[in-house]
Amino acid sequence: MARLATHPSSDGLLVIQPLRRTQCAACRRGPLSLLVFEDGVPRCLDCADLGHLVFLPRGDTALTRRSREESGLSAVVVRFNRRRSRYERQGVLVEEAALARAEVRCLADAEARRRRRARDARRRAVQDARFAQAFAAEIRRLFPGCPADRAEAIAGHASVRGSGRVGRSAAGRSLSEGAVVSAVVAAVRHLDTPYDRLLMSGVPRHEARRRIAAAVETVLHGWRGAGADVG
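Not measured: the values here are computed from a predicted model. (Residues numbered from 1 in each chain as written. Predicted model: local features only at pLDDT ≥ 70, side-chain atom pairs only at ≥ 80, totals over all residues. Heavy atoms only, no water.)

A. Summary view of the nonpolar core. The biggest cluster of nonpolar side chains holds 26 residues, and the ones touching the most others in it are Phe135, Ile139, Phe143, Ile154, Val184, Leu220 and Trp223. The set of elements that each furnish at least two residues to this core consists of α3 (110-142), α4 (148-158), α6 (177-191), α7 (195-200) and α8 (205-224). Take this core: its biggest share by element is seven residues, from α6. (Core = buried A, V, L, I, M, F, W, Y, C linked by side-chain atoms within 4.5 Å. Buried < 20%, exposed > 50% of the residue type's maximum accessible area, 1.4 Å probe, protein only. Helix = DSSP H or I, 4+ residues; strand = E, 2+ residues; numbered from the N terminus.)

Structure follows, in structure tokens:
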């Protein structure tokens, strides 16, 4: 089989899900749902000697890994994400018999993997609860006038795993003062001022923040007993 002149990858052969209607340069079939590039032109899987492979969508890490281990020939399927300007993995192509063998292997230890996932989930839940408690305690230290239930609510919201919020940032995980204050300011902005209503009425974000800055400052002043510039 000719070498696939596709985008470089440490995973080996690449197959592309095209975004535009494309025909095979060899057999003229199309539009192609999957293609490879040889010598700079698109070819269908049959013409690229990959037509006997079956597609396994991404999502099951164990099945994907084992299918590739069992398969003498495999390829990674990617699609271009215009918004992120990069190719992203969609799944793999593997030999059908290899997929069947991988499925048998996964079924054999499915219960063990389920128990391991459950243990991991419990461990993460304990870690998250402890972190939220530490975050709330830091809020109360910086803002001793903040009600305990409010501090817990702010900490819980800011520290949700996978949320991308300030509590999950590197600064947030280290309980830096800047990150904790940012979480408190954001909560006050949304819950104690007309900020959200201003945004919904079409006021630009920076102008809306300017208008409610004094109201945010008033709440923070009451919670920590000294003025602060929240910007």
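The structure having been displayed, the exposition proceeds.
B. Structural detail: the pattern of salt bridges. Scanning all chains against the criterion turns up 19 salt bridges. The partner of Glu111 in a salt bridge is Arg114, with the nearest N and O atoms 2.6 Å apart. Of this pair, Glu111 and Arg114 both sit in helix α3, three residues apart, which is roughly one turn of the helix. Across the pair Arg168 and Asp128 runs a salt bridge whose closest N-O atoms are separated by 3.9 Å. With Arg168 in the loop between α4 and α5 (170-173) and Asp128 in helix α3, this pair connects stretches of sequence that are 40 residues apart. The exposure class of Arg168 is buried, given its relative accessible area of 18%. Connected through shared salt-bridge partners, Arg65, Glu69, Glu70, Arg101 and Arg105 make up one network. (Salt bridge = Lys/Arg side-chain N within 4 Å of Asp/Glu carboxyl O.)

C. Highlighting the packing of aromatic side chains. Per the stated rule, a full pass over the model turns up two aromatic pairs. Consider the rings of Phe80 and Tyr87, whose centres lie 5.1 Å apart with planes at 65°: the pair is edge-to-face. By relative accessible area, Phe80 is classed as partly exposed at 29%. Given the relative accessible area of 34%, Tyr87 is considered partly exposed. For the ring pair Phe131 and Phe135, a centre distance of 5.9 Å and an interplane angle of 65° mean the geometry is edge-to-face. With Phe131 and Phe135 both in helix α3 and four residues apart, the pair spans about one turn of that helix. When its relative accessible area of 0% is taken as the criterion, Phe135 is described as buried. For the cation-ring pair, Arg189 lies above Tyr195, with the distance from its terminal atom to the ring centre recorded as 5.7 Å. (Phe/Tyr/Trp six-rings, centres within 6.5 Å; stacked < 30°, edge-to-face > 60°. Lys NZ or Arg CZ within 6 Å of the ring centre and 35° of its normal.)

D. Representation of the sheet that holds strand β4 (residues 53-57). Pairing is mixed across the open sheet formed by four strands, whose spatial order is β1-β5-β6-β4. Strands at the two margins of the open sheet, each flanked by one partner only, are β1 (14-16) and β4. Strand-to-strand twist across the sheet, computed as the mean angle between neighbouring axes with direction ignored, equals 40°. Bridge count for β4 against strand β6 (residues 86-95) is five bridges, and the pairing is antiparallel. Paired with Val54 across the strands is Val94, a residue of β6. Its contacts with the sheet place helix α1 (residues 61-70) against β4, β5 (75-81) and β6, and it is angled at close to 55° to β6. Where helix α2 (residues 96-108) meets the sheet, it contacts β4 and β6, and its direction lies at approximately 90° from that of β6. (Pairing = 2+ DSSP bridges. Axes fitted to C-alpha atoms, helices over the stretch in contact; angles between N-to-C directions. Contact = heavy atoms within 4.5 Å.)

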